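What follows is each chain in one-letter form.
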Amino acid sequence: MKKALLAATAVASALTASLVAAPAATAATAATAATAAPAATASGRDGRPAIPFTEATVTAGADGSYTLTWKAKGTARVAIKANGKVVAKGGAQGRAVVKGLPAADRQWFDFTPERGQRLRLADRLIALEGTANFRDAGGYRTTDGQWVKMGRIYRSDALNKLTANDLAKLRRLRVKTVFDLRMQDERTKDADKVPAGARYVVADVFAGSPSFQTLPKSPDEAVKSMIDAEKTMVSGDGGKKAYTRVFEGVQSDRGRAALFHCTAGKDRTGWANATLLTALGVPQETVMADYLASNDYRKAANEAILSHLPAAQAAVYKPLLDVRPEYLNSGYDEVKATYGTFDRYLKDGLGIDARELKELKRDLLVG
């Protein structure tokens, strides 16, 4: 390995070549990641949230079925449509398994209550031949009862193995801007493949950073390197510039889809998504669940990597391949230590003032 090991990202890039295929999303992953916040402030005219659903999930099965779950307090009847037809019905709380739907790039479901605004959801994972961790950033409920729109922001691992079919799917999903969060060595070694017509933007999070210049020698050193790297993402010059560029791009791509990615889609990408969801008002426990979901989506890939290493080396590499609560929490700790509050981080670190934040919410939230 040349001069740097960029956490699990560069390790995965070096060791997974020709070893593993993208794993399917598990039901546990989808259910955990898509579960909404437990409480909300009323926003409808009658004192109820405009969207009455407090929880809703879509989980795609390997057999082509879809498992739908929902909770809509105060709603007696819920009808769920796919392709314009009702495919499931129920009361305020329900679960349904839908089969026999035609193949599609993404199967969308409209959760329609008897009163209030409908909620449009799909399975979070975007199944591609060349990725393992490409997923939608939306589909989460905020603390005030709104929902983050799906189909607008995507997060992913490396794009260098995308196939022609993958690129065609991304074009159909209207991905118009790709933000590459990787270092120059990674970009040179495994150059991105992007959909035709999409804008490619380099947003190097660790530009100029000394992070990962040497390999950790023990599991404890590996954990420390991950925690320190997370802090660098927050307060390092490269991190501030990179995430500012991402937020500016997300704001300018209204009505179209944007994608940000690194190599494993879990650390630099994880902080980008955590920052976005936190800014939009998604509860901390939901943000953490989304972050930790990379352990499930990358499970097969990570196990394949570790199986090819001697036991002692695998013990050192495992913390680099994982996402752990202490990693993400160290980012929030750095925000507090450096900026005092998350709002000050947005304003002073990323240049997002109150007006811009309001516009971002208006664009990306529904309800």
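Structure first, text after, so check above.
Residues numbered from 1 in each chain as written. Predicted model: local features only at pLDDT ≥ 70, side-chain atom pairs only at ≥ 80, totals over all residues. Heavy atoms only, no water.

### Quick notes on the pattern of salt bridges
Where charged atoms from two side chains of opposite charge come close, those side chains can pair.
Okay, so step 1: Taken as a whole and assessed by the stated rule, the structure comprises 23 salt bridges.
Okay, so step 2: Between Arg-268 and Glu-186 there is a salt bridge whose closest N-O contact spans 2.9 Å. Remark: Glu-186 occurs in helix 4 (residues 184–189) and Arg-268 occurs in helix 7 (residues 268–280); sequence separation between them is 82 residues.
Okay, so step 3: Residue Arg-268 is classed as buried on the basis of its relative accessible area, which comes to 1%.
Okay, so step 4: Here Lys-266 ties to Asp-267 by a salt bridge, and the two come within 2.6 Å at their closest N and O atoms. (Salt bridge = Lys/Arg side-chain N within 4 Å of Asp/Glu carboxyl O. Helix = DSSP H or I, 4+ residues; strand = E, 2+ residues; numbered from the N terminus. Buried < 20%, exposed > 50% of the residue type's maximum accessible area, 1.4 Å probe, protein only.)

### Examining the pairing of strand 13 (residues 257–261)
Okay, so step 1: Where burial is concerned, most of strand 13 is hidden: 5 out of the 5 residues are buried.
Okay, so step 2: Where burial is concerned, the two faces of strand 13 agree: the one with Ala-257, Leu-259 and His-261 and the one with Ala-258 and Phe-260 are both buried.
Okay, so step 3: Of the strand pairs in this sheet, strand 10 (residues 153–156) and strand 13 are connected by 4 bridges, and their pairing is parallel. Bridge pairing links Ile-153 to Ala-258 in strand 13. (Pairing = 2+ DSSP bridges.)

### Brief notes about the side chain of Asp-290
Okay, so step 1: When you line up the elements, Asp-290 lands in helix 8 (residues 284–292).
Okay, so step 2: Ignoring any residue separated from it by four or fewer positions in sequence, one finds Asp-290 in contact with Arg-124, Arg-135, Tyr-140, Arg-155, Asn-273 and Leu-277. (Contact = heavy atoms within 4.5 Å.)

### What about helix 12 (residues 325–339)?
Okay, so step 1: Compared with an ideal rise of 1.5 Å per residue, which puts 15 residues at 21 Å, helix 12 spans 21 Å between its outermost C-alpha atoms and is within 8% of the ideal.
Okay, so step 2: Where helix 12 is concerned, the buried positions are Tyr-327, Leu-328, Ser-330, Gly-331, Tyr-332, Glu-334, Val-335 and Tyr-339.
Okay, so step 3: Its buried side turned inward, helix 12 meets helix 5 (219–235), helix 6 (237–252), helix 7, helix 8, helix 11 (311–321) and helix 13 (342–349).
Okay, so step 4: Phi turns positive one or two residues past the end of helix 12, at Gly-340, with a value near 90°. (Expected span 1.5 Å × (residues − 1).)

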